[in-house]
Each structure stands twice: as structure tokens, then as C-alpha cells.
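Fold and contact review
The primary structure of each chain is shown beneath.
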Amino acid sequence: MRNWFEGALLLAVGGSVSLMAFLLAAQLAYTGPFAPFAVLGQSDVQQSIRLSLLTTTVASLLALAMALPTGYALARWEFPGRAAIECLMVVPAIMSPMALGVALILMFRSGPGQWVDEHVVRFVFEIPGMILAQFFVAFALEVLVLRATFSSQSPRLEHVARLLGCTHFQAFRRVSLPLARNGILAAFVLGWARAIGDFGATSTIAGAVRGKTETMPVSIYLSLATVSLDRAVALSILLTVVSLLGYLAVHLVLRPRST
Amino acid sequence: MIEIRGLALRRGAFSIDGLDLEVGAGECLVIVGPSGAGKTMLVESILGIHLPAGGQVLIDGQEVTRLPPEQRGFGYVPQDLALFPHLGVRDNIAFARQRRASPQEVDRAVREAAGWLGIEHLLGRRSVAQLSGGEKQRVALARAIVAAPRALFLDEPFNSLDLALRADLYCQLDELRRRMRLTTVLVTHDHDEAFAFGDRMAVLLGGRILQVGTPQEVYRRPASVEVARLLLVENLLPARLLGPSRAPGRSAYRALGTEIEAPEHAAVGADKTLWLGIRAHHVRVDAGTKGVEGGGRNRVCAKVVRCLPRSGRRLLEVACVACPDAQLQVALGDCQDSVPYEPGSLVTVELPLEHLLVVETRAEDRRPWTREAP
Amino acid sequence: MGGKSALRLSSMLLLACAALLVGCSKRQRSLEVFVGSATKPVLEEAATLFEKQTGIKVLLHFGGSGKMLSELKLARRGDLYVPGSSDYMELAKRERLVLPETEKWLTYLVPSINVPAGNPKDIRSLEDLARPGIRVGIARPDAVCVGLYAVEILERAGLAERVRPNIVTHAESCEKTAQLVALGTVDAVLGWEVFEHWQPDKIKSVLLAPEQVARIGYIPAAVSVFSKERRLARQFVDFLVGDQGQALFRKWRYFASAEEARKLALPDTAVGGEWKLPPGW
């Protein structure tokens, strides 16, 4: 260590690692290392995990499908009021999740929202509602990351591709998209992580019906509500492990490339 | 082949207004201008990357102003080359043909282009990032050529290369051009390149084309002071036309506090502000004042201000005795190596008539006379 | 040089702030109360009044009764526990988190049907909840007291099978149950009669028939075992059961005594006690 700056860096890294380790260690110390596995054996817990994984993955993919073109457009097009529109996109990420949930309920309570809820797809208190809530929170984060990703690409690459015969879409597909691979990965992982941990928005619009709309975070909350602390902590560790595995899966299968 | 009429463009603080330009089939037009003159902007609007605010772009008489870039059939090598970082050398070069021709056809085209530019040995490389400047340049060129463009646009292609490499590439590019009979537009701030390649040369400054002609024409007869400065005419002296001289085709001018004989300048009224220009290496200098006393034509007495070392020859800065504000730059020849030319010593300066340029002031050229050429 | 002195200055400032905070907290005596949301409006007013009269600051934590108890247990701190229903106090006593001898009953709650203001679906009785197309919500019966009461009421009235298909959601807390009708998300919930007085312009209570009221709930308060200010805590509890406190409860339309509550039920309706949730719920 040659100077104070590098010392400070070391301190920061060491500090962060220690904090994360303490978090996990404190939980494990409370329940013991076997409690999470014991709880995993229960069928309602398995159902809760399955539901969380299913809704989160669907929501994050849908969010990605929409965030990709949105982030690209925001990065490439210049128009007055662009900054304002970007702020609007980010609102679900900065809103309190509970507030978001209430906003979603109000959306379906009257007018076109109500018509859709009654005649097309039932959102309130149903799984589509959970996916919708998770979609909102994932989308806001994903669009931020993707916009930054596409902004960092030189527009000239696309121009050259077009002059080599590509239409705008072909240039996007053959040049901009492959170059954005790492950013897309990061966006998806971020959105997924945010969605799987969401409680306020999903529980408000979907309720907490056991076996139907009980996600992992809801299970944890309900355990606290019944003062089953061991179960709450065990579930919490389980959720952390599940999220970690998801993160690793995405990274191992779709290896981020260094360009 | 390419015709630009009244092009107008506005981006940010920069604007082009009513620009006209023509490029003939098979010719190489070099657009010369200082950095910031709008060369890249101009090229990119011809290519269709930026939509112009007004004016037309025509190819072989057909208007293409609103046509998207992919339908214009132009090739482009931008200043930063814009090689695709996620593709290897081969895939970069093959990009234009990749989805459109059979693999054998693509392979043949790639090999041919690589062969012309001497980069076959690079075809196997998986990444373009590790290539040297010259290698990247050639890959970018090969990529543009494989698309079999109607015309090739090059933006400062040799900017980042060292001189030895430049010489190499000049040859290769020229040969390629002639072999393919490719219409080329080359944009640069280096006028040596204009001479190396250009069939014709256009001078661009401040969003306007100031002069178009063969490089020799522009060099010998700059249309205005701005052009002369751009072409590094180091000495520009304000002068006033006195009248026709005794010899035909010559006129007398008042400059440097004395009468100077210089070529006649057509379409000039008396008392119009003119400049006499002469390049530093054309000015002759002799120690002592014998030359002036002897009554020679176009000779003035001057005092040495300083002597600056340069690569090859020394540069002398002298101030006229009769007109101390006027300073001249003189590039010393090799045979004058032994003469010391101490500051303060007197010398005779001769401005040979055959090398004098008579340049007009345009309405826009109102900048004060400067000692150093830009 | 600039870096080092900046670092020194900022660490000194941090220490100074910390010292100030520690000092501040010791100066004013305070109580920390964990409250189930069922009595939020009353406790807030009571705390302000109590502080004005005694100079003791009362810090209130609001949340689901179970969650509040969890926090008390995990953090091992707090002076007073005021859950929204009796079964949580029983749980607290079983877990030895409160001092049983300090328990006092503050007020009484009567379960009822709650509907959005204006009663759009014209619900008048428990049977109406079984009408086709009616959307009913209850609290999670295994986690929230008012949910358990709802199930007991339905089972005892023999309407469980008919109403159950109409139950579209379980809310995870007492206040979420009230929110369901306040936002008009469902047509009716089985909650507390006092919900109406929390948001009179949004919620209306439709009383159950007296024999349908399975039991009357009460709200207890007790001093926590972790309290370091037991005397002060008892003082606050006495304040709540005293005239001033009871006046506040009455103001917010809670029932001050079992007799008042029984007016909406039968004279022999049980107050509190426990009931086991049948399997299948």
C-alpha cells in the first residue's frame, strides 16, 4: 500500500465485504445453518418460492422487452423534453413500493382500467397483478441501465453500418445490440433482483392469499406478523440464496463478454 | 457524378449556407480546411447521416437528398475509423456482403480487398482492438471497398499515422483508386495530401467553399487572402496597385514602402486593397546592403530580427528598414548554412517577380495582417 | 496536506455529532411504545397530551400487532406493548415478553361488516356477502386477529361455505383490511366496527346481527420486560385507562367498556379468549 488513497480504497472494499458477511452471519447465527433447509422441505414454502421465481422472471423479461427499445430511443433521439420523459420513466423505481401498489389499485378501480380488469384480464388480487407490479419496478431500473448503455456507444458505428448497406433496424441488430450485451445482462439482473424482493407493491395489488399470491417476501412478512421469528429468518436466508442462485445462473449461462 | 446544390445545414453553433460542389466520375476531390471548418459535417450530410436544412444532393442527375444512407451506395471511412469492436478483422471487412452473398463470394471479396491492402495476414485476428494504427486504417478501407461503393469518402484518413506509414498508404490508396476507377472525396487539413491525391481541390473555411481548382491552380493563384493563409503562404504584404508596368503582363504596386513589380492581376480597379504574397522559401536574401544600393528590382533593405532553427533549413525573420512594421519570413537555402545572419545585421531581401502572388481581399477577409501564417 | 487535514476535520466532526446525539437522548425522558395499528388515532393524541402534561416524550411505533411484537422481541427494547387484539397479548405473555401483572384493558372492539362509503352493492347483512358477484375481503386468518374473528363469525353463522367463494383476497394486516374498502377494491370486508370512524368519508360499517357477533375484542396494554422505565410506562397505561385516556377513546368512537360493546351483541357474548382456526382456511 503506497499511499493514503489506496489505503482508503482497501478500507472501502474490506468494509463492504465485512458488512455483507455480518448480515448473513447474524441471520445464520440466529437460526443455525440447518433451519433454511428444514423450512425448504415445507410444501407451502416451495410453492411460495415457485411463485416468486415464476412471476419475477416473467415480469423481468417483459420489462426487458419494453426497456430495450425505450432505452435505445432515449439514448439516440434528441428532442425537447427528453430529460423530463426520462424522469417520468424512473418514477416507479423511486416511488415507495407501497405507494406504487396503491397507484396500481387506483388504476384498475375506474375508467378504462376497470373495464380491462373486469373484461380482459383480472389484475387485482390475481397473479397478473403481481407480475404487473414487479414489471413496473423492474422496468424503471432496466430502462436506466439500458439508456446509459446505448448512450455510451458511438453513434458513428451505426452510421457506418448503414453506409455498408444496413437499414436502421439491421444496423441496430448487427452492431448496437451485440455491443450492448453486457448492459442488457446487467439491466436484467438488476430488474430481476429488485422484483423478487418487492413486497409493498405486489402485496398491495395482489393481497396475500396463501397458495395463490403469497410470494417469498410476503411469507417473510407474515412470519413476522405471527412472531414466528425463526421461520422469518430462515425464509429470509432462503430468499437470499435463491436470489444469489438466480444471479449466478444468469451470469454463468450468458457469460458477460469483455470487449 | 455527385452534385451538391445550395446545401444548407445547421447543427449546434455550426452552419453551412448555400454550398455548391461537384465531383466528377472517377476523380478524386480533396476538401481542405482547418479543423473546425465543418468538413466532417459536410461529408456526413452528403452521405445522408444528417438531413440538410436545405439544398440538394444529386447522384448522376438523380436527387437523393431524402434517401436514407443505406440506399446511396457510398463508402465511408470516418476519422475514428469506427471499426466494429465486437467483430474480428474478417467479419469487419465482410460486413457489407455478409448476408447478401454466398460464403464463397464473400470470402473471395474479402481476400481480394485484403490482398490489395496487404493485410491478408490479419484476416485471422479475432479482435480489431490490438491492431496498430496503420493496420486499423487498412482494415477500415478494405471494409469500405468490399461494399463496392459508387464513391468513397475518407475523413482525415492519415491523421494518426506517422510519416513513413503515410507515404506507404498514399501509394496503396492511389493505386487502389485507379484500379477500381473509384470516385473519391478525401477530407483533410494537410495540403500535401491534396497534392498527393487530388485531381481537384476545394478549400473549405467557415462553412463556405472559397476556391475549387486543381491543386496547382489553387497553390499558384489563391483566390483570397484566407485561402493563401490556409495554404501557408507565410508572407502576405498589404499592397496598393499603382498602375501597369513597362513590361507587358506586369503591374507596379506599392508595398514595403517602395515600388514592387508583380504580375498583372485581372479585373482589379486602381486603389483596390490587395496583398502580395510570397512563400518563405522563394524569398532571396543576401548579407549586406549592396544589392539594394545597386538599384535592383524588387529589392529592399532589412534588418535581421531573429534566426530560428527548423528541420532542414533555418528560418530568418527580418524587418524592413523602410517599413519597420513589415516583417518577412525567409527560409534559408542549404548553401547559406555558413552565413551567421546575426540579429541586428543588415541584409538585402529580394522578392522574385515570378514567385509573387497577387491576392485580393474578399469582403470577409478583414482580419489584420499578421506576421505568422496560420 | 489537504487530504490529511480534511480527513482529520471530518472525523472530528463525526465524533462531535455522535457525542451530541448521545447527550441529547439522555436529557429528555422518553417512552417507547409498540402499537398495533388498531388504535393509531387515539394513541397519537394520547401521546401528545401525556407529553404536554408530564414532559415525558412518548415514541410510538405503528404496524401490524404481530410485526410489532417481532420487533420488540428481536431488538430487545421497548417500554410498552399495545397490540390490536387480545390473542397477541396472550402470545406475548407466553413468550415472556411482557410483565403479565401490568396488563390492563384499554378499550373494546366489535367486529362488523365494512363497506365503501355509499354502500354501492347495498350490503345489509352477513347473508348478503354470499350473493353471487360480491367481492369480499378478510384479513389473513392465521396471522391477523380480525381475520380469525371473521372466520369464526362465518363458521358460527353457518355461512362459511357460501361466502368462501366470494372471498377474493386475504389482507396481511389490520390496516390493509381497512384499506381494501377505503379504496373500493372489494365490496365488503369483515373488520372492526371502528373502521368507519377512522375514515368516515370512505368507510361505512354495517352492523352484524347481535347473535352473529362471535366475540368482542379488547385492546390490552402491558409493560415490556425490556423496559428500563417501568414506572413511567405504568404511568402512561394508567393515563390511558384513566378519565382523560378514556375520553379520547370515546372521542374516536371506541367502546370504553364491555357493556357498551355488548349493546351491539348479546349480553353474554365472550370478551376476548382464543379460538382455533379450523383446517382448510
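Up top is the structure these notes are about.
Residues numbered from 1 in each chain as written. Chains lettered and ligands numbered in written order. Predicted model: local features only at pLDDT ≥ 70, side-chain atom pairs only at ≥ 80, totals over all residues. Heavy atoms only, no water.

**Points about the overall build of chain A**
Scanning chain A for helices and strands turns up 13 helices and zero strands. From first element to last, N terminus to C terminus, chain A shows the α and β order α-α-α-α-α-α-α-α-α-α-α-α-α. For chain A, the spread of C-alpha atoms along the principal axes amounts to about 65 × 65 × 30 Å. Counting across all 259 residues of chain A, residues that qualify as buried make up 46%. The distance from the centre of the 18 positive side-chain charges to the centre of the 12 negative ones in chain A is 10 Å. (Helix = DSSP H or I, 4+ residues; strand = E, 2+ residues; numbered from the N terminus. Buried < 20%, exposed > 50% of the residue type's maximum accessible area, 1.4 Å probe, protein only. Lys, Arg positive; Asp, Glu negative; His and termini not counted. Charge placed at Lys NZ, Arg CZ, Asp CG, Glu CD.)

**What about the packing of aromatic side chains?**
Residues and elements named next belong to chain C. Counting across every chain of the model gives 20 aromatic pairs over all chains. Each ring, one from F50 and one from F236, has its centre 4.9 Å from the other, and the planes form 65°; the classification is edge-to-face. With F50 in helix α2 (residues 40-54) and F236 in helix α9 (residues 230-241), this residue pair connects regions lying 186 residues apart in the sequence. With relative accessibility at 0%, the residue F236 sits in the buried group. Centre to centre, the rings of F236 and F239 are 6.3 Å apart; their planes meet at 10°, and the pair counts as stacked. Residue F236 and its partner F239 are both found in helix α9; the two are separated by three residues, about one turn of the helix. The pair F236 / F239 is uniform in exposure class, with both members buried. (Phe/Tyr/Trp six-rings, centres within 6.5 Å; stacked < 30°, edge-to-face > 60°.)

**Digging into the side chain of T188 of chain B**
Residues and elements named next belong to chain B. Mapped onto the elements of the fold, T188 is located in strand β8 (residues 183-188). Classification of T188 by relative accessible area gives buried; the value is 1%. Separated by 2.9 Å, the side chain of T188 and the backbone nitrogen of D190 make a polar contact. (Polar contact = N/O pair within 3.5 Å; in protein donor to acceptor, adjacent residues only side chain to side chain.)

**Looking at the nonpolar core**
In this structure, L80, Y81, V82, W192 and F236 of chain C are the most contacted members of the largest nonpolar core, which totals 123 residues. No other element matches the eleven residues that helix α7 (residues 127-151) of chain A contributes to this core. In contact with L80 of chain C, not counting residues within four places along its chain, are E32, V33, F34, L72, A222, V223, S224, A233, F236 and V237 of chain C. If you look at the next biggest cluster of nonpolar residues, it comprises 47 residues, including V89, A194, V203 and L231 of chain B. (Core = buried A, V, L, I, M, F, W, Y, C linked by side-chain atoms within 4.5 Å. Contact = heavy atoms within 4.5 Å.)

**Details of the interface of chain B and chain A**
The partner chain A presents 19 residues to the 24 residues of chain B that form the contact. When chain B packs against chain A, the two sides together hide about 2100 Å² of surface, and 63% of this comes from carbon and sulfur. Broken down residue by residue, the surface that chain B buries against chain A is led by E70, H86 and F95 of chain B, which jointly contribute 32%. Inspection of the region where chain B meets chain A yields three salt bridges. Note that D80 of chain B is salt-bridged to R156 of chain A, the shortest N-O span being 3.5 Å. (Buried area = accessible area lost by both parts, 1.4 Å probe. Salt bridge = Lys/Arg side-chain N within 4 Å of Asp/Glu carboxyl O.)

**Thoughts on the arrangement of the chains**
For the two pairs of chains in contact, the largest share of contacts goes to chains A and C. In this view chain B stays clear of chain C, with the nearest C-alpha atoms of the two still 38 Å from each other.

**What to know about the pattern of salt bridges**
Following the criterion strictly, the structure yields 45 salt bridges over all chains and no others. In this structure, R108 of chain B engages E105 of chain B in a salt bridge whose closest nitrogen and oxygen atoms are separated by 3.2 Å. Of the two residues, R108 of chain B and E105 of chain B are both situated in helix α3 (residues 103-117); the distance of three residues between them amounts to about one turn of the helix. R250 of chain C is paired through a salt bridge with E260 of chain C; the nearest N and O atoms lie 3.9 Å apart. Residue R250 of chain C is found in helix α10 (residues 243-251), and its partner E260 of chain C is found in helix α11 (residues 258-262); the two are separated by ten residues along the sequence. On the basis of relative accessibility, which here comes to 47%, the residue R250 of chain C falls in the partly exposed class. Look at the salt bridges and you will find they share partners, linking R97, E105, R108 and E112 of chain B into a network.

**Some details on the sheet that holds strand β18 (residues 327-331) of chain B**
Residue and element names in this part refer to chain B. Strand order in the open sheet formed by five strands is β15-β19-β16-β17-β18, and the pairing between neighbours is antiparallel. Where the open sheet ends on each side, the last strands, each with one partner, are β15 (284-287) and β18. Each adjacent strand pair in this sheet contributes to an overall mean axis angle of 40°, direction not counted. As paired strands, β15 and strand β19 (residues 346-350) are joined by four bridges and run antiparallel to one another. Bridge assignment links A287 to a residue of β19, and that residue is V347. (Pairing = 2+ DSSP bridges. Axes fitted to C-alpha atoms, helices over the stretch in contact; angles between N-to-C directions.)

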